[in-house]
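Per-entry structural report
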Amino acid sequence: GRKSEYSSEQILRVLIVMFVENMDYRGTVVCIANSAFHQHFVRLNNTPVMDFTFLCKAFGVIKIETWAKLNAVLSRYACEEEKITPEKLREDTTAVECNIHYPTDSSLLWDSFRTLSRLLNLAQRDLRGMGMAHRFHDAKVKKLAHYISRNAGKRSKRAQRKMKTTYKTLIERVRWIVEIAGRAEVALRSNIDSDLNTIANELSHYSKLIEKIVDQAQRRVFDGETVPSSEKIYSLFEPHTELLKRGKAGKPIEFGHKVLIAETGEKFIIHYDTYSHQPADKDLVDETLDAHHKIFAQYPDVFATDKGFYESMEKIAELETKIDTVSIAKKGRRTQAQTEREHNDAFRDGQRFRAGSEGTISVLKRAFKLNRCRFKGFKNFAASIGCAVFCHNLVTLTRC
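What counts and what doesn't
- Residues numbered from 1 in each chain as written.
- Predicted model: local features only at pLDDT ≥ 70, side-chain atom pairs only at ≥ 80, totals over all residues.
- Heavy atoms only, no water.
- Helix = DSSP H or I, 4+ residues; strand = E, 2+ residues; numbered from the N terminus.
- Buried < 20%, exposed > 50% of the residue type's maximum accessible area, 1.4 Å probe, protein only.
- Contact = heavy atoms within 4.5 Å.
- Lys, Arg positive; Asp, Glu negative; His and termini not counted.
- Charge placed at Lys NZ, Arg CZ, Asp CG, Glu CD.
- Axes fitted to C-alpha atoms, helices over the stretch in contact; angles between N-to-C directions.
- Parallel < 35°, antiparallel > 145°, perpendicular 65-115°, else oblique.
- Left-handed = near helix turned anticlockwise from the far one by under 90°.
- Polar contact = N/O pair within 3.5 Å; in protein donor to acceptor, adjacent residues only side chain to side chain.
- Phe/Tyr/Trp six-rings, centres within 6.5 Å; stacked < 30°, edge-to-face > 60°.
- Lys NZ or Arg CZ within 6 Å of the ring centre and 35° of its normal.
- Salt bridge = Lys/Arg side-chain N within 4 Å of Asp/Glu carboxyl O.
- Core = buried A, V, L, I, M, F, W, Y, C linked by side-chain atoms within 4.5 Å.
- Pairing = 2+ DSSP bridges.
- Arc of directions from axis to C-beta.

So, on to the overall build of the chain. When you go through the chain residue by residue, the secondary structure sums to 16 helices and seven strands. Oriented by its inertia axes, the alpha-carbon framework of the chain measures out at about 75 × 65 × 35 Å. Evaluated residue by residue, the chain yields a buried proportion of 46% over its 400 residues. Long-range contacts, defined here as pairs at least 24 residues apart, represent 68% of the contacts in the chain between residues at least 6 apart. One way to put it: in the chain the 65 positive side-chain charges average out to a point 10 Å from where the 51 negative ones average out.

The following block contains the structure:
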């Protein structure tokens with residue numbers, strides 16, 4: 001509803017250019033400004049290219065549901081034009097990483113201290129007038145965090161004692177600045193200045209997260225407790241980040257979110273989803289098949305996934321009442337009949353077809369900005385998945 005010289009279609013076209021060309025906001029604006037072809041594609045006519053900050057704000061406004069509806073419209077179009085066929089369906093999950101550094105207790109505590117210090121320094125002049133003058137000595141706290149990171153691998157008793165002493169000092173300094181931030185928040189909210197109220201809101205937001213970070217460091221380092229993954233915060237700036245253990249060679253642990261991709265034989269993605277809390281793969285089968293049935297009004301002839309989606313032989317028998325070939329390998333030992341099922345030609349062809357989903361995931365990560373999500377917040381994280389899938393499908397349709 002905002003009045004602007006740019007239409008929603010133009011903004012969508014610019015975002016398509018950004019994802020297809022795999023650029024950032026600034027690079028996209030420069031690319032369009034220097035290319036007559038891109039200017040024609042965006043339908044700019046004689047209008048100058050939008051500022052990259054405006055483009056950033058415009059992308060942040062687009063909801064997750066909007067991208068889902070856009071992809072649904074494109075899927076219906078591809079089906080009606082017979083660009084895609086319902087015979088084959090494969091699905092797989094992948095992890096898209098958040099834009100964070102590797103989280104350790106010491107690095108998270110240092111992030112906490114420097115963030116509150118930066119915010120308090122922005123309001124230092126006003127706080128000094130309220131009788132709250134402080135020096136935070138950032139360099140000293142940074143030195144404590146760096147000492148821990150450099151000596152974390154040492155196992156001697158002397159080193160471990162020194163490590164605990166340093167951790168204790170670091171945690172005390174963080175608790176001290178959280179206390180100051182709490183008093184500063186109350187003082188700043190009494191001011192009518194909107195900038196000071198914005199700082200107060202940020203202090204409140206970060207202080208709540210920092211209390212959890214301090215708590216998990218205290219429990220792990222001093223109480224000897226193994227903190228459950230669900231109770232941990234892995235980034236002060238992207239608190240929605242999850243730890244994903246997918247058993248991948250060279251990358252056993254990833255920090256981000258699980259993403260589901262389901263595609264037809266033409267490599268057109270008809271269904272995708274981004275999960276704030278990772279579900280088990282076996283719970284995603286019905287969701288994918290329902291999405292396929294909604295588009296084509298029928299189930300596929302071949303449905304192929306990896307063995308991570310296996311639930312039970314009873315579930316496979318249920319699926320085989322609706323699908324001719326269910327190419328999902330069984331986990332664990334097999335009976336003679338189960339072995340024969342997985343060695344017939346139809347099952348093997350299904351597994352060969354399934355392997356192609358790895359190529360699609362690779363393309364999404366290499367060419368459509370999904371290797372690491374640079375957008376802030378889970379809302380923009382999930383929206384970027386929808387935009388990448390939309391752009392991937394557009395490119396795929398040009399080849400059908």
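Picking up after the structure, the text goes on.
At a closest axis distance of 10 Å, the pairing of helix α6 (residues 105-122) and helix α9 (residues 157-189) adopts a crossing angle of 30°. Considering the angle they form, α6 stands roughly parallel to α9. Our pair here, α6 against α9, has a crossing hand that is left-handed. Seen from α6, the contacting residues are Asp 105, Ser 106, Leu 109, Ser 112, Phe 113, Leu 116, Ser 117 and Leu 120; seen from α9, they are Tyr 167, Leu 170, Ile 171, Arg 173, Val 174, Trp 176, Ile 177, Val 178, Ile 180, Ala 181 and Ala 184.

Quick look at the environment of Arg 246 now. With respect to the element layout, Arg 246 can be found in strand β2 (residues 242-248). Distance in space between the C-alpha atoms of Arg 246 and Lys 258 is 9.9 Å, their sequence separation being twelve residues. For Arg 246, the residues in contact, after removing those within four places along its chain, are Thr 93, Thr 94, Ala 95, Pro 252, Glu 254 and Lys 258. Reaching out from Arg 246, the side chain makes a polar contact with the backbone oxygen of Thr 93 at a distance of 2.8 Å.

Under the defined criterion, the tally for this structure stands at eleven aromatic pairs. Through a chain of ring-to-ring contacts, three or more aromatic side chains come together here, namely Phe 19, Tyr 25, Phe 59 and Phe 375. The side chain of Lys 88 reaches across the aromatic face of Phe 353, ending 5.2 Å from its centre. The ring of Phe 19 carries the charged tip of Lys 369 above its face, separated from the ring centre by 5.8 Å.

We now examine the pattern of salt bridges. In total, this model carries 19 salt bridges according to the counting rule given. Arg 13 serves as the salt-bridge partner of Glu 9, at 2.9 Å between the closest nitrogen and oxygen. Of this pair, Glu 9 and Arg 13 both sit in helix α1 (residues 8-20), four residues apart, which is roughly one turn of that helix. Its relative accessible area of 44% is what places Glu 9 among the partly exposed residues.

Counting 64 residues, the largest nonpolar core has Leu 15, Phe 19, Phe 59, Trp 67 and Ile 385 as the members making the most contacts within it. Looking at which element gives the most residues to this core, the answer is helix α16 (residues 378-397), with nine residues. With sequence-adjacent residues up to four places away left out, Leu 15 is seen in contact with Leu 55, Phe 59, Ile 62, Trp 67 and Cys 387. One finds Leu 120, Ile 148, Leu 196 and Leu 236 within the second-largest nonpolar core, a separate group that totals 40 residues.

Let us now look at the side chain of Asp 281. With respect to the secondary-structure elements, Asp 281 resides in the loop between β4 (269-275) and α11 (285-296). Assessed through its relative accessible area of 15%, Asp 281 is described here as buried. Leaving out residues up to four positions away in the same chain, Asp 281 has contacts with Thr 93, Lys 258, Gly 308 and Phe 309.

The next thing to look at is the pairing of β4. Burial of β4 is extensive: six of the seven residues sit out of reach of the surface. Strand direction decides the pairing type here: strand β3 (residues 251-264) and β4, joined by six bridges, are antiparallel. Within β4, the position partnered with Val 259 by the bridge is Thr 274. Hairpin remark: β3 followed by β4, antiparallel, with four residues in the connecting loop; positive phi at Lys 267, about 65°.

Among the residues of helix α14 (residues 345-354), Phe 347, Gly 350, Phe 353 and Arg 354 are the ones counted as buried. Looking straight down α14, one finds its buried side chains confined to an arc of 120°; they lie on one side. Exposed positions of α14 whose direction lies more than 90 degrees from the buried face are Asp 345 and Arg 352. As for α14, its buried residues are in contact with β1 (88-98), β3, β5 (302-304), β6 (325-327), α13 (336-341) and α15 (356-367). A distance of 3.1 Å separates the backbone nitrogen of Ala 346 from a side-chain oxygen at the start of α14, and that oxygen is part of Asn 344.

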